[in-house]
Amino acid sequence: MRINLPRPDLFSQIFGEVTGTGLDSSVHGIATDSREVKAGDLYIALKGKRTDGHTFLKELEIDGCAVALVSEKNNELTSLKQIIVEDPLTTIGTIANKWRKQFQIPTLGITGTNGKTSTKDLLHHVFQPTQMVHATEKNFNTSIGLPLTLLLQTEKHTLSILEMGANQPGDISYLCGISEPSHGLITNIAPAHLEGFGTIEEVAKEKGELFQSLEDGISFVNQADDRIKNLSIAGDRISYGLRPDCDFPADIHQGKDGTLTLFINTEEIKTQSCNLSFAKNVLAAAAVAITMDVDWETFQNRVLSFVQPAGRCQVKHFDDITVIDDTYNANLESTIASIDYLNAFSKNGRRLLVFGDMFELGNHSEIIHEKVGEKCSDAHLDGVFTVGTFTVHTDLRLENVELHKHFTSKDELITQLKNIIRKGDKILFKGSRGMAMETVIQGVFE
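In this text, all values refer to a predicted model and were calculated from it rather than measured experimentally.

Rules and cut-offs
- Residues numbered from 1 in each chain as written.
- Predicted model: local features only at pLDDT ≥ 70, side-chain atom pairs only at ≥ 80, totals over all residues.
- Heavy atoms only, no water.
- Helix = DSSP H or I, 4+ residues; strand = E, 2+ residues; numbered from the N terminus.
- Buried < 20%, exposed > 50% of the residue type's maximum accessible area, 1.4 Å probe, protein only.
- Axes fitted to C-alpha atoms, helices over the stretch in contact; angles between N-to-C directions.
- Parallel < 35°, antiparallel > 145°, perpendicular 65-115°, else oblique.
- Left-handed = near helix turned anticlockwise from the far one by under 90°.
- Contact = heavy atoms within 4.5 Å.
- Nonpolar A, V, L, I, M, F, W, Y, C, P; charged D, E, K, R; others polar.
- Salt bridge = Lys/Arg side-chain N within 4 Å of Asp/Glu carboxyl O.
- Pairing = 2+ DSSP bridges.
- Disulfide = S-S within 2.5 Å.

Draft legend 1. Expanded view of unusual backbone geometry. Here the phi dihedral of T266 falls at roughly 75 degrees; this positive angle occurs in a residue that is not glycine. Here T266 lies in the loop between β13 (260–264) and β14 (267–270). On the basis of relative accessible area, T266 is assigned to the exposed category, the value being 76%. Located in the positive-phi region is D293, a residue other than glycine, with phi close to 75 degrees. If you trace the backbone, D293 turns up in the loop between α11 (276–291) and α12 (296–305).

Draft legend 2. View of the packing of helix α13 (residues 332–343) against helix α14 (residues 365–378). Where α13 contacts α14, the axes come no closer than 10 Å and their chain directions differ by 15 degrees. With respect to each other, α13 and α14 are oriented roughly parallel. As for how α13 packs across α14, the hand of that crossing is right-handed. Contact with α13, carried on its side by L332, T335, I336, I339 and D340, involves I368, K371, V372, K375 and C376 of α14 and no other residues of that element. Considering only residue class, the contact of α13 with α14 consists of 6 nonpolar, 1 polar and 3 charged.

Draft legend 3. Representation of the pattern of salt bridges. All told, the structure shown has 18 salt bridges when counted by the stated rule. E370 is the partner of R397 in a salt bridge, and the nearest nitrogen-oxygen pair spans 3.6 Å. Highlighted residues: R397 in the loop between α15 (392–395) and β19 (403–407) and E370 in helix α14, separated in sequence by 27 residues. E370 gets classed as buried once you look at its relative accessible area, which sits at 15%. Measuring nitrogen to oxygen at the nearest pair gives 2.7 Å for the salt bridge that ties E438 to R433. Salt bridges sharing common partners tie together R7, D9 and E155.

Draft legend 4. Region of interest: the sheet that holds strand β6 (residues 107–111). One open sheet holds the 9 strands; their spatial order is β7-β8-β6-β9-β10-β11-β12-β13-β14, and the pairing between them is mixed. The open sheet has two edge strands, β7 (133–135) and β14, and neither has a second partner. Strand-to-strand twist of the sheet, defined as the mean angle between neighbouring strand axes without regard to direction, takes the value 20 degrees. Bridge count for β6 against strand β8 (residues 159–163) is 4 bridges, and the pairing is parallel. When the bridges of β8 are listed, T107 appears paired with S160. Along the sheet face, helix α4 (residues 116–127) touches β6, β7, β8 and β9 (183–186) and points at about 165 degrees away from the line of β8.

Draft legend 5. Focus on the sheet that holds strand β5 (residues 81–84). The strand order across the open sheet built from 5 strands is β1-β2-β3-β4-β5, with neighbouring strands paired in mixed fashion. Two strands close off the open sheet at either side, each with one partner strand: β1 (2–4) and β5. Sheet twist, expressed as the average angle between the axes of neighbouring strands with direction ignored, equals 20 degrees. Two strands pair when backbone bridges link them, and β1 and strand β2 (residues 29–31) are joined in this way by 3 bridges, in the antiparallel orientation. Each bridged residue has a counterpart across the sheet, and for N4 the counterpart in β2 is G29. Sitting on the sheet, helix α3 (residues 88–100) touches β2, β3 (42–44) and β4 (67–70), and the angle it makes with β4 is about 110 degrees.

Draft legend 6. A look at the state of the cysteines. Enumeration over the complete set of coordinates arrives at 0 disulfides. As a non-bridged cysteine, C274 has C313 as the owner of its nearest cysteine sulfur, 10 Å distant. The closest cysteine sulfur to the non-disulfide-bonded C376 is located on C313, 14 Å from its own sulfur.

Dropping the structure here:
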């Protein structure tokens, strides 16, 4: 990860206050990945499970790195300035918090199992005409990335939208501590990252830390999600959901072309999408945007002009074959929603799923992959092709799917798919980010 600092002078001042050590020269960039360091950068040496950033200091000295924030000094180096702190990660977090305090603007924290990135991107788009929006970029939503995101905020910004990811207990509490949100949204809570949390109850507890941080703020509560609905709320509460007992109640109607229209508090909001997950993101975004003074007409227009990012239910056409590229990531809930999306397409032609492993499910991996197989059977898909280690359990549950096969390599899968697919097919590609299932699409069609 790397950023260009918008205010090197302010950063130097805050850096000195936190570390007690001044910078000899202005730092114009910060990097946590040694491969991305540029001359004059500050490098943050982090110790991870697989690598230790301190091992790259000699190379960085040669490349012209200005200064390194370290927990252990390398005495062999002569020109690279090393500033020793107990923990470089918490130090940059403290610096980012002091930076955040310079700008007293509304700050929305977004977390959840699914939809947080899409909802963040949609809200960014909705607010753009009237606000100077500061928002999380790329995957800068972790204890490493969020501090860098905060350091990109300037006095020009009037609103901040921060995505918060969690892989282990304590992550959300830490991120809230350094970003100090004034508003919070939890999109949903479902089985994911169970390797780090163990149970869905622990996932809910972790996500709930966002609402607990908002003693003087507003929590946007998905009333249709029982786990979210029952979370403790520290401040004010605004609810939304596909049910009547909330501040932003909604119904969904499906048109003859399969596209979904929301009716929220009697307001008609067209999505121009067949994707139920996207419609739910629109509803969450409406609760936030309307509460924060966006009018309904503007909201509708911005929804219609929004282009969903790559790999999130993107519909592509290759001659007479329809491809649904939902390869950005996968967990149980998002995969089931994607299968429902596939089923919403016209029944002309076969409906096929190409499915890669879902990661970070710990001891629950086998049963969760089995549930995907059961969903495929219930949906009466025409074909399912799985690849990886865990999806073999999906394949074993395909009782009502006549055409199915498991592959251990993507190369073999690509070769076979070229012979199997035919004109008129609708094919959904899905898998965890680490599976990079978009490469299967490229291998087959491009």
